[in-house]
Structure formats: C-alpha cells, structure tokens
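# Working through the structure, step by step
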Amino acid sequence: MSLANRQRGVGLIEILVTVLIMATALLTLSSLQMRSLQFNQSAYLRSQANILAYDIIDRMRLNRNHITEYVIDYNTGAPTGSSLAEQDLRQWRELIEKVLPEGLGQIKCNSSGICTIAIRWTEQNQSDNNDEDIATFEYTTRV
C-alpha cells in the first residue's frame, strides 16, 4: 500500500474537527455576550435606583422641617395633595415608574431623623424562580 492511499480522507476529518471546534467556540462567545448584556442592563437599573434615591434625599433635606410627611409604603399610592412633601413624593414615584420596570418606592423615617429609602423593580433573570426577579435597592441616611 502506497503512502498516497493511506492519506486519503484525512483532510476531510481535519476539516470536520475544525468546524466542530469553531461552532463550539462561537456558541460560547454568543452566550458570553448575552450574559454581558444582561449584567450591563442590571447595573444600569441599579445606577438609576441610586440616582432616584439621592433625588428624594435631596428633596427631603430641602424640606427637613416636614420630614414626617415623607413616609410612604410600597402599596400606598402617590399622594395627591399640594404640600411640598406630597408634590415631591408624587414626582419621585412618577420618575420611578418611568425609569424602572414595575418600579416602586418606599420611605421610612424614625424619630431621630434616620430615613431608609427602598426602591424595588423587576429584572429578567435566567432562573425560573420569580422571587429572584425582584431587585431592591436600599439607602439609609440621616436627614
């Protein structure tokens, strides 16, 4: 048997293995890109929540004599009154709803002026557990 007869078909096998390796590498890269986009979106939403928390804290500091009027729960609707605190809360809630998917905000203050601002929204995660889809950002400060 000559050398030419033994080498027949080897090039085809090499090409097949190369295509298999390339396909696996491309699938891995596309998965990595998808996860990167998801993490970037999550980081963007957290940044927006941070900005919204600072927004309401600044509003509360400007109106610190009426700090007790800034208490609101997730389930409470936006206030409809005309006081500065009610207008601030209404505008803040509207911003949260516009910027964050299914966004809600909550503010709790104690008697010593320490307030906790909590902002909650939904994110799309890879798991089927719906509890993991809710993200919460909390910020505590003295006003």
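Let me begin by describing the structure that accompanies this report.

Conventions we followed
Residues numbered from 1 in each chain as written. Predicted model: local features only at pLDDT ≥ 70, side-chain atom pairs only at ≥ 80, totals over all residues. Heavy atoms only, no water. Pairing = 2+ DSSP bridges. Helix = DSSP H or I, 4+ residues; strand = E, 2+ residues; numbered from the N terminus. Axes fitted to C-alpha atoms, helices over the stretch in contact; angles between N-to-C directions. Contact = heavy atoms within 4.5 Å. Phe/Tyr/Trp six-rings, centres within 6.5 Å; stacked < 30°, edge-to-face > 60°. Buried < 20%, exposed > 50% of the residue type's maximum accessible area, 1.4 Å probe, protein only. Lys NZ or Arg CZ within 6 Å of the ring centre and 35° of its normal. 1 Å grid on protein atoms, 1.4 Å probe; cavity = no way out; pocket = protein on both sides within 12 Å on 5 of 7 lines; lining within 4 Å. Points joined across faces, edges and corners; volume = space filled by probe spheres on them. Nonpolar A, V, L, I, M, F, W, Y, C, P; charged D, E, K, R; others polar. Expected span 1.5 Å × (residues − 1). Core = buried A, V, L, I, M, F, W, Y, C linked by side-chain atoms within 4.5 Å. Disulfide = S-S within 2.5 Å. Lys, Arg positive; Asp, Glu negative; His and termini not counted. Salt bridge = Lys/Arg side-chain N within 4 Å of Asp/Glu carboxyl O. Polar contact = N/O pair within 3.5 Å; in protein donor to acceptor, adjacent residues only side chain to side chain.

### What to know about the sheet that holds strand 3 (residues 134-142)
Overall, antiparallel pairing links the 3 strands, which are arranged 1-2-3 in an open sheet. Bordering the open sheet on either side are strand 1 (104-109) and strand 3, each of which pairs with just one other strand. Between one strand and the next, the sheet's axes are offset by a mean angle of 15°, whatever the strand orientation. The sheet strands contacting helix 2 (residues 10-62) are strand 1, strand 2 (114-122) and strand 3, and the helix crosses strand 2 at an angle near 145°.

### Structural notes on the packing of aromatic side chains
Applying the stated criterion across every chain, the model contains 1 aromatic pair. For the ring pair Tyr54 and Tyr139, a centre distance of 5.1 Å and an interplane angle of 55° mean the geometry is tilted. Taken as a pair, Tyr54 in helix 2 and Tyr139 in strand 3 lie far apart in primary sequence, 85 residues in all. Judged by relative accessible area, which is 24%, Tyr139 ranks as partly exposed. Sitting over the ring of Tyr74, Arg120 keeps its end group 4.0 Å from the ring centre.

### Looking at the layout of surface pockets
By volume, the largest pocket is sized at about 240 Å³. Lining the largest pocket are 12 residues; nearest its centre among them are Gln38, Gln41, Glu123, Gln124 and Asn125. No other element matches helix 2, which puts 7 residues into the lining of the largest pocket. Classifying every residue of the lining of the largest pocket by side-chain character gives 2 nonpolar, 7 polar and 3 charged.

### Things to note about helix 2
Taking 1.5 Å per residue, 53 residues should reach 78 Å; helix 2 reaches 78 Å between its end C-alpha atoms and fits that length. Buried residues along helix 2 sit in contact with helix 3 (84-99), strand 1, strand 2 and strand 3.

### Some remarks on unusual backbone geometry
A positive phi angle, near 55°, is found at Glu102, a position not held by glycine. Examined against the element boundaries, Glu102 turns out to sit in the loop between helix 3 and strand 1.

### Some words on the nonpolar core
The biggest cluster of nonpolar side chains holds 23 residues, and the ones touching the most others in it are Trp92, Ile117 and Ile119. Mapped by element, the contributors of at least two residues to this core are helix 2, helix 3, strand 2 and strand 3. In terms of residue count, the dominant contributor to this core is helix 2 (7 residues). For Ile119, the contacting residues outside a window of four places in its chain are Ala49, Leu52, Ala53, Tyr74, Trp92, Ile96, Leu100, Leu104, Gly105, Ala135, Thr136 and Phe137.

### Observations concerning the state of the cysteines
Tallied over the entire structure, the rule returns 1 disulfide. Between the sulfur atoms of Cys109 and its disulfide partner Cys115 the distance amounts to 2.1 Å. On the S-S bond that ties Cys109 to Cys115, the torsion sits near 110°, and the link is right-handed. A relative accessible area of 24% places Cys109 in the partly exposed class.

### So, the side chain of Arg93
Inspection of the secondary structure assignment puts Arg93 in helix 3. For the buried Arg93, no salt bridge exists, and the shortest N-O distance to an oppositely charged side chain is 5.6 Å, to Glu97. There is a polar contact of 2.5 Å between the side chain of Arg93 and the backbone oxygen of Asp73.

### Comments concerning the pattern of salt bridges
For the coordinates displayed, the defined rule picks out 2 salt bridges. Ionic pairing is found between Asp55 and Arg59, a salt bridge with its closest N-O pair at 3.3 Å. Of this pair, Asp55 and Arg59 both sit in helix 2, 4 residues apart, roughly one helical turn. We classify Arg59 as buried; its relative accessible area is 17%. Here Asp88 makes a salt bridge to Arg59, at a shortest N to O gap of 3.4 Å. Separated by 29 residues along the polypeptide, Asp88 in helix 3 and Arg59 in helix 2 bring together distant segments of the chain. Neither residue differs from the other here; Asp88 and Arg59 are each classed as buried. Salt bridges linked by common partners bring Asp55, Arg59 and Asp88 together as one network.

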